[in-house]
Every structure is written in structure tokens, then in C-alpha cells.
Amino acid sequence: MADLSTSIAGVKLPNLLLNASGVNCRYENELQQLLDSSAGSLVTKSATLNSRDGNPEPRYAPLAGQIGSINSMGLPNQGYEYYLEYAKKFDYNNGKPLFISLAGMSLADNKAMCEAFRDANLPCVLEINFSCPNLPGKPQLGYDMEAMEAALKVLAPIIGKPFGIKLPPYFDIAHFDQAAAIFNKFDNIAYVTCINSVGNGLAIDWESETALIKPKDGFGGLGGLMVLQTSLANVNAFYRRLNNGKQVIACGGVTSGKEAFLHILAGASAVQIGTQLQEEGTGVFERVSKELQEIMAAKGYKNVEEFRGKVKTL
Ligand code: DOR
């Protein structure tokens, strides 16, 4: 059997597949399903300082032809204290590390949440979400280089230990260069997760002539197979630019072992599954693991290090 283990931010994962933050991870019972599945680790729903109901429903829709999904959830979550309590009682000897996603509505909120996790001194890894596209009136921090750097200057020293950031997709080489140059200034940024959903698409049902989701006149983040190439490009762009052992976690477009394999070729150290997990349930991890192992066996790869980042160019 090909070895799918990896390590991120200094912690070992028995299998490099995990959920994308937001899917199947808001409540404890959902997190337990991830623990009970073949996923190698789990990340919680992005938390805000206070609990939120999120945007009005319908706010998620799969798209016809299995090309992906659109969502404008609006960060429904239980508030960071719920996830802090979960992290306190988490069994860190179960072999699957815990990632905690935080998405403060302001720098002050992010600061307060990071301080609370620092004070609790737990072995979980923080992933700061700079890229939610679905909050009316709130631009994605990841698209404002100055504000993102200013936020990191405050948060990185508070967190102290290795942490990750969840990025929006970038579409311009200059933006890859600028963002990577910022991240390289912070020693304890251990990884970036590429990508959050492709923000503000519009899905319309042609028969009813109506938008598929309710919030923001139907605008929402796109995920699933249709964002695969955007996601691969972001994974590879940061893999090429980040230094000092900084890693990339891939997120976007994984429906089978084939896309997971492509993400590793592009440079991913771990691979998250969002839309496909939402559609298929936690059994997706066993299926995709098996498919990835079959591809690796057919190509003669025994572990992921043998081909990570080794995509050939012409
Ligand atoms: O697509 C997304 N939806 N990305 C996020 O970061 C948050 C989520 C939501 O709750 O809207």
C-alpha cells in the first residue's frame, strides 16, 4: 500500500486528506464523523468571536453536471468558545491532528481569539481564514495586501507557534509575488491553504430564470471541479515562492484520487475536500485514499514525497 502520510506545521497526519473548513465541521457530531472516517485530520468551521446564524437560506447549491457548487453561507458557526472547548477535550493521542479555523470579523476579534487559544496552550494548529467571500460589506482581507500584512504583524507574534492561513484564489502573477513576499517575512507561518471558494459567482436556473441561492442577489463562492485548475495554479504558485519549509495545503476541485494526485504534483503537502464531501459524505475519504493509492502504485510511487511538486513543464 502506498504511504499517504504527511506532516503539516510539524504535526504528523496518517493520511494527507482532510475536510475543507466549512464542510461537515460546524458541530461536534460532524467533527466526530470526520474522526470516524478515513480522513487523516480535521479542520473546524471558521469561527467568529460570537456565534452566527449566517446568511438566509437557500445558501448552498450543487451545480448541474457535477461541476461544483455555489455557497453564500455567511459564516454560520457556534462562536470560537465552542471550538476552544472542543479543542480542550480533544484526544490528541488519537493520531489525527486538529486544525482550528478562525475568521474574525475584525482584527480585534482575530486578536482576541488568537490570545484565547494561545492562553489555552493546546497542541491544535490554527488556520486563519483571510478569504471568506460571503459577508455583505466585508471585503476579503486576502485581496488587500497591506491590510493582510498589518494583520499578520499583530497575529503572528500572538500565535507564537506554527500556524496556517486560508487564502483566496489569486489570478495575477504580480499578486502571487506580492502575497508570497509578505508570507515569507513571517517565520511562524507554516503553511497556506489554497484556495477558498472563487468569490462571487452567480448561478441561475434557466427554467425558472431565478438565482440558485438567496443571499447577495444570488452571488456566492464557487467550489468543486470547476475551480480545479485555479486551485492547482495557486498551490503551485505558492509552492514555488514560499521559503523556509513553508507548506501548501490544497483545496479545490478534488472529486477523486486523480485530482488529489494532481494537487500533490503541484506541490501540496495535504489535500482538503469540500464540495465532494458535502455531496458524498465522509465515505469520500476512503474512496479517494484508495484511488490515490492505486494511482501511486500504478506509477511506482511509494510515498507522496517522491512526486510532490514535481510537475513537469514544457
Ligand atoms: O466559501 C466560503 N464560505 N468560504 C468561507 O471562508 C466561508 C464560507 C461561508 O460561511 O460563507
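Quick look at the structure, then. Treat the numbers as computed from the prediction; the structure is a model and nothing was measured.

About the thresholds
- Residues numbered from 1 in each chain as written.
- Predicted model: local features only at pLDDT ≥ 70, side-chain atom pairs only at ≥ 80, totals over all residues.
- Heavy atoms only, no water.
- Near = heavy atom within 4 Å.
- Polar contact = N/O pair within 3.5 Å; in protein donor to acceptor, adjacent residues only side chain to side chain.
- Areas by Shrake-Rupley, 256 points an atom, 1.4 Å probe, with all protein chains shown as cover.
- Nonpolar A, V, L, I, M, F, W, Y, C, P; charged D, E, K, R; others polar.
- Helix = DSSP H or I, 4+ residues; strand = E, 2+ residues; numbered from the N terminus.
- Expected span 1.5 Å × (residues − 1).
- Bend = angle between axes of the 7 residues up to and from the residue.
- Buried < 20%, exposed > 50% of the residue type's maximum accessible area, 1.4 Å probe, protein only.
- Contact = heavy atoms within 4.5 Å.
- Core = buried A, V, L, I, M, F, W, Y, C linked by side-chain atoms within 4.5 Å.
- Salt bridge = Lys/Arg side-chain N within 4 Å of Asp/Glu carboxyl O.

**A short note on the site of the ligand**
Move 1: Lys45, Asn71, Met73, Gly74, Leu75, Pro76, Asn129, Cys132, Pro133, Asn134, Asn196 and Ser197 make up every residue found near the ligand.
Move 2: In this structure, Asn129 approaches the ligand through a side-chain N or O atom, which is 2.9 Å from an oxygen atom.
Move 3: In this structure, Asn134 approaches the ligand through a side-chain N or O atom, which is 2.8 Å from an oxygen atom.
Move 4: Across the complex, the protein chains shield 92% of the 290 Å² of accessible surface that the ligand would expose by itself.
Move 5: When the residues that make up the shell around the ligand are grouped by side-chain class, the tally is five nonpolar, six polar and one charged.

**Considering helix H4 (residues 145-159)**
Move 1: Counted at 1.5 Å a residue, the expected span for H4 with its 15 residues is 21 Å, and the 20 Å between its end C-alpha atoms agrees.
Move 2: Within H4, the axis deviates most sharply at Leu152, by approximately 25°.
Move 3: Of the positions making up H4, those classed as buried are Met145, Met148, Glu149, Ala151, Leu152, Leu155, Ala156, Ile158 and Ile159.
Move 4: Where the residues of H4 are buried, they touch helix H3 (107-120), strand E8 (125-129), strand E9 (163-167), helix H5 (173-183) and strand E10 (189-194).
Move 5: Two residues or fewer after H4 comes Gly160, characterised by a positive phi angle close to 75°.

**Focus: the nonpolar core**
Move 1: If you look at the biggest cluster of nonpolar residues, it comprises 96 residues, and the most contacted ones within it are Ile128, Leu152, Ile165, Phe183 and Phe238.
Move 2: Broken down by element, the residue count for this core peaks at eight residues, all from H4.
Move 3: Those residues in contact with Ile128 that lie beyond four places of it in its chain are Leu102, Asn110, Cys114, Leu155, Ile159, Phe163, Gly164, Ile165 and Lys166.

**Here's the deal with the pattern of salt bridges**
Where side chains of opposite charge bring their charged atoms close, a pairing between them can arise.
Move 1: On inspection of all chains with the given rule, the structure shows 12 salt bridges.
Move 2: Across the pair Lys111 and Glu115 runs a salt bridge whose closest N-O atoms are separated by 3.4 Å. Of this pair, Lys111 and Glu115 both sit in helix H3, four residues apart, which is roughly one turn of that helix.
Move 3: Taking relative accessible area as the criterion, Lys111 reaches 34% and is therefore assigned partly exposed.
Move 4: Its relative accessible area of 26% is what places Glu115 among the partly exposed residues.

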